[in-house]
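# Remarks on the overall topology
Here is how the chains run, residue by residue.
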Amino acid sequence: MLKNKVIRYLTVILTLFVIAGCGSTEEEPADTGLLLGFSQIGSESAWRIGNTRDIENSADNYGISLMLENANQSQENQIAAIRRFIAYKVDVIAFSPIVEDGWDNVLMEAKEAGIPVILVDRDIETTRDDLTTCLIGADFYNEGVMAAEYLIRKADELGLEHVNIVEITGTENSTPMRQRQAGFADTIAEDERMCILERIDGDFLKSRGAECMRYLLETYGDDIDVVFSHNDEMTLGALPEIEKTDLVPGQDIIIISIDGGQEAIDALKAGRINCVVECTPNLGNELMETALSLKNGEEVEAVIHPVERIFSDEQDVSAIGPRGY
Ligand code: GYE
């Protein structure tokens, strides 16, 4: 009896294998045998969703097995995910730290387990520099510089003598928030016309962007000349709030955003946004290459920055192609 059952079971399994084999049209990449644990921050923006998709696709294309965990914007969840990766004995750990501080303990545990760690997108602050191997992510400081340089050119073009700016910032203590703010501030510091009325924390969220903009309009009204927003989501939250008043975004208020997702580019094309600094979420291929190098015991570059552009009303915006995120 038992023998029959086992034979039937094996036959079913074999049939499934055959069906799966016949159904597949594309050639599967060779399995590298690498298991990568990746802790993603959450799904707060089109950028983040595009980044997750890109990492999943790249892992598939490289024949790398991916254990992906979404932390829903919680550092605690990220730490728990990294501990699970260690317990699971993955080959390489990667994560996008939501904030910069508070990672030393869990990273010490990874080090003791002999598992190399890659930082993706954001950096950490630590007293030790041997807890992670490298950082694959954008040069956020330069993004802030590009945003400020655009504003200076725009003020020249419009002949403005005084420029009142409100800045809606990303998640407090996160690398993009700190660096975008610093790059922007350092660059406008050289221009006497520029004045920041207020910086307000929008946490990279659309709903917070709307709330912040409501408060800023109530407080400063038409004294606002510029909104500098640290990501597209907050910008897209802010725009309808401006449009509820008699002010026209893109005309009465200069709107500067960062990321370059499709919705923001569409708003740029419609004249509701003046400038979008690109931040690419497509970091997956670099991540897979680096993970493979680490598995092979090779040296990797300490910092890998993708090349990024700026989109603005200074160019023919109709020529900007589909963004993919
Ligand atoms: O700009 C924002 C996202 O860390 C670069 O996080 C990333 C930022 C991006 O939620 O939209």
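Anything mentioned here points back to the structure above.
Analysis parameters
Residues numbered from 1 in each chain as written. Predicted model: local features only at pLDDT ≥ 70, side-chain atom pairs only at ≥ 80, totals over all residues. Heavy atoms only, no water. Helix = DSSP H or I, 4+ residues; strand = E, 2+ residues; numbered from the N terminus. Buried < 20%, exposed > 50% of the residue type's maximum accessible area, 1.4 Å probe, protein only. Contact = heavy atoms within 4.5 Å. Areas by Shrake-Rupley, 256 points an atom, 1.4 Å probe, with all protein chains shown as cover. Lys, Arg positive; Asp, Glu negative; His and termini not counted. Charge placed at Lys NZ, Arg CZ, Asp CG, Glu CD. Disulfide = S-S within 2.5 Å. Polar contact = N/O pair within 3.5 Å; in protein donor to acceptor, adjacent residues only side chain to side chain. Core = buried A, V, L, I, M, F, W, Y, C linked by side-chain atoms within 4.5 Å. Domains from an automatic or database assignment. Pairing = 2+ DSSP bridges. Axes fitted to C-alpha atoms, helices over the stretch in contact; angles between N-to-C directions. Expected span 1.5 Å × (residues − 1). Arc of directions from axis to C-beta. Near = heavy atom within 4 Å. Phe/Tyr/Trp six-rings, centres within 6.5 Å; stacked < 30°, edge-to-face > 60°.

Attention now moves to the overall build of the protein. In terms of regular secondary structure, the protein is built from 10 helices and 12 strands. Seen through its principal axes, the protein has C-alpha atoms that stretch 90 × 45 × 30 Å. Each of the 325 residues in the protein was classed as buried or not, and the buried ones make up 49%. Long-range pairs, those at least 24 residues apart, make up 74% of the contacts in the protein with a sequence separation of at least 6. Of the accessible surface of the protein, which amounts to about 15600 Å², a share of 49% is contributed by carbon and sulfur atoms. Computing the positive centroid from 26 side-chain charges and the negative centroid from 60, the protein places the two 10 Å apart.

All right, on to the state of the cysteines then. Scanning the entire structure with this criterion turns up zero disulfides. In this structure Cys275 is not part of a disulfide, and its nearest cysteine sulfur, from Cys279, lies 14 Å away.

On the secondary structure map, Glu167 appears in strand 6 (residues 163-169). Separated by 3.2 Å, the side chains of Glu167 and Arg199 make a polar contact. Look past the residues within four positions of Glu167 in its chain and what remains in contact with it is Gln181, Phe184, Ile196, Glu198, Arg199, Ile200, Phe228 and His230.

The next point concerns the nonpolar core. With 41 residues, the main nonpolar core has Leu36, Ile118, Leu151, Ile165, Ile256 and Leu287 as its most contacted residues. Counting residues per element, this core draws most heavily on helix 5 (residues 140-158), which supplies seven residues. Looking at which domains feed residues into this core, each of domain 1 (35-138 + 281-307) and domain 2 (140-279) gives three or more. Once residues lying within four places of it in the same chain are set aside, the contact partners of Leu287 are Leu36, Ile55, Ala94, Ile118, Val120 and Ile136.

As summarised here, the arrangement of the six strands in space is 7-6-8-9-10-12, forming an open sheet in which the pairing is mixed. At either margin of the open sheet sits one strand with a lone partner, and together these are strand 7 (194-201) and strand 12 (310-312). Within the sheet, the average angular offset between the axes of one strand and its neighbour, ignoring direction, is 15°. Across four bridges, strand 6 lies against strand 8 (residues 226-229) in parallel orientation. By the bridge assignment, Val166 is partnered in strand 8 with Val227. Seen against the sheet, helix 5 touches strand 6, strand 7, strand 8, strand 9 (254-259), strand 10 (275-278) and strand 12 and runs at an angle of roughly 160° to strand 9. Contacting strand 6, strand 7 and strand 8, helix 7 (residues 206-220) crosses the sheet at an angle of about 135° to strand 7.

A few words now on helix 3 (residues 75-88). Taking 1.5 Å per residue as the helical rise, helix 3 with its 14 residues ought to reach 20 Å, and the 20 Å between its terminal C-alpha atoms agrees with that figure. Along helix 3, the residues that are buried comprise Gln78, Ile79, Ala81, Ile82, Phe85 and Ile86. Within helix 3, the buried residues cover an arc of 160° as seen down the axis, which keeps them to one side. Exposed and facing more than 90 degrees away from the buried side of helix 3 are Glu76, Ala87 and Tyr88. In this fold, the buried residues of helix 3 make contact with strand 1 (35-40), strand 2 (65-70), strand 3 (92-95) and helix 4 (104-112). You can read the cap of helix 3 off the contacts: a side-chain oxygen lies 3.3 Å from the backbone nitrogen of Glu76, and it is on Ser74. Immediately downstream of helix 3, the backbone of Lys89 shows phi near 60°, a positive value.

Our next topic: the sheet that holds strand 1. Taken in spatial order, the six strands of this open sheet run 2-1-3-4-5-11, and their pairing is parallel. Looking at the sheet topology across the chains shown, the edges are occupied by strand 2 and strand 11 (303-304).

Another point: the site of the ligand. Close to the ligand lie 13 residues, the nearest being Glu44, Asp121, Arg122, Asn231 and Asp259. Ser45 is positioned with one of its side-chain polar atoms (N or O) 3.0 Å from an oxygen atom of the ligand. Separating an oxygen atom of the ligand from a side-chain N or O atom of Asn231 is a distance of 2.8 Å. Isolated, the ligand exposes 300 Å² of accessible area, and the fraction of that covered by the protein chains is 100%.

Applying the stated criterion across every chain, the model contains two aromatic pairs. Judged by centre distance (4.1 Å) and plane angle (20°), the ring pair of Phe184 and Phe228 falls under stacked. Here Phe228 lies in strand 8 and Phe184 lies in helix 6 (residues 175-188), a separation of 44 residues in the sequence. Grouping residues by exposure puts Phe184 and Phe228 together as buried.

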